[in-house]
Amino acid sequence: MGARLAAWFHRKGWSDLIIGLPYLWLLIFFLLPFLIVLAMSVATRTPTAPPFGYGGENPVVNLAGYARLFTDDLYLRAFLTSLGNAAVATVLCLLIGYPMALGLTRVSKGWRNILLMLVILPFWTSFLLRVYAWMGMMGKNSWFNRLLTDAWNWLTPEGWAVTSLPLMHSNFAVVLVMVYTYLPFMILPLYASLERLDPALDEAAMDLGTRPFGVFLDVTLPQSIPGIIAGGLLVFIPAAGELVIPTLVGDAGSPMIGRVISDEFTSARDWPMASSVAVALLVIMVIPTMIYSRYQAKSDGAEAQK
Amino acid sequence: MKRRPWFLFSVLVFGFAFFYVPILSMIVYSFNESRLATVWGGFSTKWYVSLFSNRQVGAALLLSLQIALISATIATILGTMAGIALARFTRFRGRTLFSGMVTAPLVMPEVITGISMLMLFLLMADWIGWPGQRGFTTVTLAHITFSMVFVTTVVQARMLQSDRAIEEAAMDLGSRPWQVMWDITLPTIFPAILSGWLLAFTISLDDVVITSFTTGPGNTTLPLLIWSKVKLGVTPDINALATLTVLVVGTGVVIAGLILTRAERRRLAEERQAFRSSTDTRP
């Protein structure tokens, strides 16, 4: 028995185990829950425990949840708020992150390592505490809020004067904190793609009489598009499904979609509706990812042909 | 003639101020005497005292560390296996599904992972009577699942870069395939496995959303404890806790950075040495 087991292990058992164990794990704890969400999204809500019905007196496929996505104002608004906030945060991350990444390629090597470490450092500290840091900064009596209030009162006509700016519990706060927490995800892929560029190209364009900004537009920017897309997806995808940031600093009156899913599930105990919203969010996010991977496959193919 | 890119440097300065001013502000206010977390009332260390005398914080930290240690270790074993499988075995049944299941969790919103896991546990309790109660085990299972794919990504990338000549040489010399894996592949990818473990450990230690869905009564991890306090507003003892976190993580990252740079420098020097001696002995 032992000898046969050893023979099996030597022949193909070891590779079966290496593939099989993680495969089985992901089937049970990733694919199965995912299929449950899919199935739940067409189930019917019932007052039983667990709170759903499937077959029997209930319809096998109930599309009421998906229909409500289009008829109930709440869901449409939540989707628009989420996508809007995530899009603005992504663009701002790009506008701040791009010059920072480009600047990192222009500093001396010793400085570069230290600065890169400083970009990564916040990522290793708690996400929750980074959000919390801004709660302290934006509160009504904080030094930051008073500074901004003074600036506002000085810049605007007297009739607009305020005692403090309502920074917290707004989409402004959500976007600001998103930019703060996700900026490293934009800087790092951009830096990786900018670092590989050959400075000789810049110099050649300069020698041919192009102005520095022209060099940036014609030489640097086109070559860094893969980095822009990678960074953009790394910011946009988690930002669109964000739950922690809008719960802590967001406006409860216009919830984001992550909050809606969580509330439908826990407070309303409407598992089918929560699942329908979840599937819709996945569809919206899967599309940009698929476009990206097709684009990447195409550019890899073009590179291979060279 | 080389011009200094003043615009880029000023954005860098602004960017780092943006990164660190909120953290510095939090550190300064952790030494604030006043109960009002945003108004300065003089220097004091009383929030550190209240933090250390708080039993809840200690218990939550211990629970978080236990979950992170166990889940990171199992996630590293499973994730490394998956990374090796995807990098080395180019053809096996169901490979497409496998690589899909490895990449999909990376882009899955945490809320959806959370509710899908919770539904799985609730339905399993209904079907097979397990898990009777959610808590340590269910949170650990969830953490293993979402952190193992990060390990896989790191390991797979390292495997695809590595030179297969040594593995092939060992095969030619008559090693069994699994011995090659154990004696040659695993030691070469060890740095990637280690950074995968660290990543899994940090992700587990930091998670709020998935933990909040999969935990049960009485099992409060440190992020969940902070979450429940912070939802009610800014409290000074959280400033103290945050300061300690930044201190511990900062020291750790600096030490790790120094060790990595030194190891890299040594490796380069050794390679140069090896290259030089190999060219010297050539006839």
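Structural data are supplied above this passage.
Residue indices begin from 1 for each chain and proceed along its sequence in written order. Following the order in which they are written, the chains are lettered starting with A and the ligands numbered starting with 1. Predicted model: local features are reported for residues with pLDDT of at least 70 only, side-chain atom pairs are reported and counted for 80 or more only, and whole-chain, interface and lining totals are derived from all residues.

1. What to know about the overall build of chain A
A run of DSSP states H or I qualifies as a helix once it reaches four residues; a run of E qualifies as a strand once it reaches two. Both are numbered from the N-terminal end. For chain A, the helix and strand inventory stands at 13 helices and 2 strands. In terms of overall dimensions, chain A has C-alpha extents of about 75 × 70 × 35 Å along its principal axes. Burial is judged by counting other C-beta atoms within 10 Å of a residue's own C-beta: 20 or more means buried, 12 or fewer means exposed, and anything between counts as partly exposed, with every C-beta placed from the backbone. Taken across its 306 residues, chain A has 38% of its residues classed as buried. For the purpose of contact definition, each residue receives a C-beta atom placed from its backbone, and two residues are in contact when these atoms lie within 7 Å. A sequence separation of at least 24 residues applies to 70% of the contacts in chain A between residues at least 6 apart.

2. Comments concerning the packing of helix α3 (residues 55-88) of chain B against helix α11 (residues 222-230) of chain B
Residue and element names in this part refer to chain B. For helices, the fitted axis covers only the stretch in contact; all axes are lines through C-alpha atoms, and the angles between them, taken along N-to-C directions, range from 0 to 180 degrees. Between α3 and α11, whose axes approach to 7 Å, the crossing angle comes to 135 degrees. Compared by their axis directions, α3 and α11 come out oblique. For the pair formed by α3 and α11, the contact residues are Q56, V57, A60, L61 and S64 on the first element and L222, P223 and L225 on the second. Relative orientations are named as follows: roughly parallel for angles under 35 degrees, roughly antiparallel for angles over 145 degrees, roughly perpendicular for angles from 65 to 115 degrees, and oblique for any other angle.

3. Let's talk about the environment of L197(A)
Residues and elements named next belong to chain A. With respect to the helices, strands and loops of the structure, L197 is situated in the loop between α7 (171-195) and α8 (199-207). C-alpha separation for the pair L197 and A173, spaced 24 residues apart in sequence, amounts to 36 Å. Not counting the four nearest positions on each side in its chain, L197 is found in contact with T220 and Q223.

4. What to know about helix α4 (residues 109-124) of chain A
To estimate the expected span of a helix, subtract one from its residue number and multiply by 1.5 Å. Spanning 16 residues, α4(A) covers 23 Å between terminal C-alpha atoms, matching the ideal 22 Å at 1.5 Å per step. For α4(A), the complete set of buried residues consists of V119(A), L121(A) and P122(A).

5. With respect to unusual backbone geometry
Excluding glycine, most residues fall at negative phi; most peptide bonds, likewise, are trans. Going from W130(B) to P131(B), the amide bond is cis rather than trans, its omega being 0 degrees. Mapped onto the elements, P131(B) comes out in the loop between α5 (110-128) and α6 (136-161). One non-glycine residue, H169(A), lies in the positive phi region at around 55 degrees. Structurally, H169(A) is set in the loop between α6 (143-155) and α7.

6. Let's talk about the interface of chain A and chain B
With 62 residues of chain A in contact, the opposing surface of chain B contributes 66 residues. Among the elements of the structure, α1 (2-40), α3 (73-106), α4, α5 (127-138), α11 (244-249), α12 (257-266) and α13 (271-305) of chain A are those that each provide at least two residues to the side of chain A that touches chain B. Among the elements that line the side of chain A that touches chain B, the one with the most residues is α1(A), at 19 residues.

7. Considerations on the environment of W130(B)
In this structure, W130(B) sits in the loop between α5 and α6. Residues in contact with W130(B), not counting those within four places in the same chain, are M124(B) and A125(B).

8. Structural notes on the packing of α7(A) against helix α10 (residues 225-240) of chain A
Residues and elements named next belong to chain A. Where α7 contacts α10, the two axes come as close as 8 Å, and the packing angle between them is 160 degrees. One way to sum up the angle between α7 and α10 is to call them roughly antiparallel. Between α7 and α10 lies a crossing of right-handed hand. Where α7 abuts α10, its residues M178, Y182, F185, M186, P189, L190, A192, S193 and L194 lie against P226, G227, I228, A230, G231, L234, V235, P238 and A239. Of the residues belonging to the contact of α7 with α10, the class tally is 15 nonpolar, 3 polar and no charged. Helix crossings are classified by the rotation of the near helix relative to the far one: an anticlockwise turn of less than a right angle makes the crossing left-handed, while a clockwise turn makes it right-handed. Each residue receives one of three labels: charged for Asp, Glu, Lys and Arg, nonpolar for Ala, Val, Leu, Ile, Met, Phe, Trp, Tyr, Cys and Pro, and polar for the others, Gly being one of them.

9. Details of the nonpolar core
As used throughout, a nonpolar core is a set of buried Ala, Val, Leu, Ile, Met, Phe, Trp, Tyr and Cys residues joined through C-beta atoms within 7 Å of each other. Counting residues in hydrophobic clusters, the biggest one holds 140 residues, and the most contacted among them are V131(A), W134(A), V177(A), Y182(A), V249(A), I261(A) and I115(B). Considering each element in turn, this core owes the most residues, 16 residues, to α7(A). Sequence-distant contacts of Y182(A), defined by excluding residues within four places in its chain, comprise A89(A), C93(A), V235(A), P238(A) and A239(A).

The values are spatial; any link to function lies outside them.
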